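# Structure assessment
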Amino acid sequence: MNSSDTVELLKQCNSGSKMAVNALDEVLPIVDSAKMRDLLRDNKAHHSELGNKLHDLIEAEGAREEDPPLMAKVMSDVSIGAKLIMHPNDKEIASILTDGCNMGIKSVNEYLNKYEGASSQAKNISGELIDLEQQLMGDLTQYL
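Notes on the structure follow. Because the structure is predicted, anything quoted here is derived from the model rather than measured.

When its secondary structure is counted, the protein chain shows 5 helices and 0 strands. In sequence order, the secondary structure elements of the protein chain are arranged as α-α-α-α-α. Over its C-alpha atoms the protein chain spans a radius of gyration of 15 Å, differing by no more than 12% from the 15 Å that the globule rule assigns to 144 residues. For the protein chain, the spread of C-alpha atoms along the principal axes amounts to about 45 × 25 × 25 Å.

Right, let's talk about the nonpolar core for a bit. Judged by nonpolar contacts, the single largest core of 19 residues is most densely connected at Leu9, Leu10, Cys13, Leu50, Leu54, Val108 and Ile125. Listed by contribution, the elements that provide at least two residues to this core are helix 1 (3-27), helix 2 (34-60), helix 4 (90-114) and helix 5 (120-140). Of the residues forming this core, the biggest block, 5 residues, is contributed by helix 5. Excluding its chain neighbours within four sequence positions, the residues that come into contact with leucine 9 are Tyr111, Leu112, Tyr115, Ala118, Ala122, Lys123 and Ser126.

Here the structure, examined in full by the defined rule, presents 4 salt bridges. Linking lysine 18 and glutamate 65 is a salt bridge whose minimum nitrogen-to-oxygen distance equals 2.8 Å. Here the residue lysine 18 occupies a position in helix 1, and glutamate 65 occupies one in the loop between helix 2 and helix 3 (70-86), the gap between them amounting to 47 residues. Exposure remark for lysine 18: the relative accessible area of 24% places this residue in the partly exposed category. On the basis of relative accessible area, glutamate 65 is assigned to the partly exposed category, the value being 25%. The salt bridge partner of lysine 44 is aspartate 25, with a shortest N-O separation of 2.5 Å. Separated by 19 residues along the polypeptide, lysine 44 in helix 2 and aspartate 25 in helix 1 bring together distant segments of the chain. Using a relative accessible area of 36% as the deciding quantity, one classes aspartate 25 as partly exposed.

This paragraph deals with the side chain of lysine 11. One can find lysine 11 in helix 1. Classification of lysine 11 by relative accessible area gives buried; the value is 16%. Every residue in contact with lysine 11, bar those within four places of it in the chain, is listed here: Ile58, Ala63, Arg64 and Glu66.

Scanning the model with the defined rule gives 0 disulfides in all. Residue cysteine 13 stays outside any disulfide, its sulfur separated by 14 Å from that of cysteine 101, the closest cysteine. Residue class for cysteine 13 comes out buried when judged on its relative accessible area of 1%. With relative accessibility at 2%, the residue cysteine 101 sits in the buried group.

Next up on the list: helix 4. For helix 4, spanning 25 residues, the distance from its first C-alpha to its last is 36 Å, which sits close to the expected 36 Å at 1.5 Å a residue. Within the span of helix 4, buried status applies to Asp90, Glu92, Ile93, Ala94, Ile96, Leu97, Thr98, Cys101, Ile105, Val108 and Leu112. For helix 4, the N-terminal capping position is held by asparagine 89, with its side-chain oxygen 3.1 Å away from the main-chain nitrogen of lysine 91.

Now for the packing of aromatic side chains. Counted by the stated rule, this structure contains 1 aromatic pair. Look at tyrosine 111 and tyrosine 115: their rings are 6.2 Å apart centre to centre, the planes differ by 15 degrees, and that puts the pair in the stacked class. Taking relative accessible area as the criterion, tyrosine 111 reaches 25% and is therefore assigned partly exposed. Judged by its relative accessible area of 10%, tyrosine 115 is buried.

So, how was this worked out
Per chain, residues are indexed from 1 in the order of the written sequence. Where totals are concerned, whole chains, interfaces and linings use all residues; where local detail is concerned, this predicted model gives features only for residues with pLDDT of at least 70, and gives and counts side-chain atom pairs only at 80 or more. Excluded from the side-chain calculations are hydrogens and water; all other atoms, namely the structure's heavy atoms, are used. Only DSSP runs of H or I covering at least 4 residues are called helices, and only runs of E covering at least 2 are called strands; the numbering of each starts at the N terminus. Throughout, radius of gyration means the C-alpha value; the globule benchmark is 2.2 Å times the number of residues raised to the power 0.38. Side-chain atoms within 4.5 Å link the members of a nonpolar core, which is a set of buried Ala, Val, Leu, Ile, Met, Phe, Trp, Tyr and Cys residues. Residue burial is assigned from relative accessible area. The probe radius is 1.4 Å, only protein chains are included, and a residue is buried under 20% of its type maximum, exposed over 50%, and partly exposed in between. Pairs of residues are marked as contacts when any of their non-hydrogen atoms sit within 4.5 Å. A side-chain nitrogen of Lys or Arg and a carboxyl oxygen of Asp or Glu constitute a salt bridge if their distance falls within 4 Å. Only a pair of cysteine sulfur atoms within 2.5 Å counts as a disulfide in this structure description. By this rule, a helix spans an expected 1.5 Å times one less than how many residues it contains. Polar contact is the term for a pair of N or O atoms within 3.5 Å; when the atoms are in protein, one must be able to donate a hydrogen and the other to accept it, and sequence-neighboring residues count only if both atoms are side-chain atoms. Each Phe, Tyr or Trp ring (for Trp, its six-membered ring) is paired with any other whose centre lies within 6.5 Å, and the angle between the two planes then decides the class: stacked below 30 degrees, edge-to-face above 60, tilted in between.

This is the structure we're talking about:
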């Protein structure tokens, strides 16, 4: 086990979890379907809970959590806003979030490969994040 790999993997997952919460916060106020809104609120709660676990694990490693890079957050906000100006509907929201889930799954898998010396606990929580993203993608297919 490599402690720096563990910390880096945890930080990247934490950043991704925060990006997901931010995206959900951005779209929730404009979701039309009550069923979809409940789905997204539930998923946001799971991402927040996972983020809290990641925060605790990062601190247990003697490191400090970091916010997602400002440029990534701004780019995400602008991209979501621009797409929703053109098509402010649940189908577009589902499409945006599905793309975000796919990007998150890809990124976490890349980090798992990059930080292969990370602890099994860090790898397991990374898997939880991937599972959460895959579940949301599956749940959103009915809105596409």
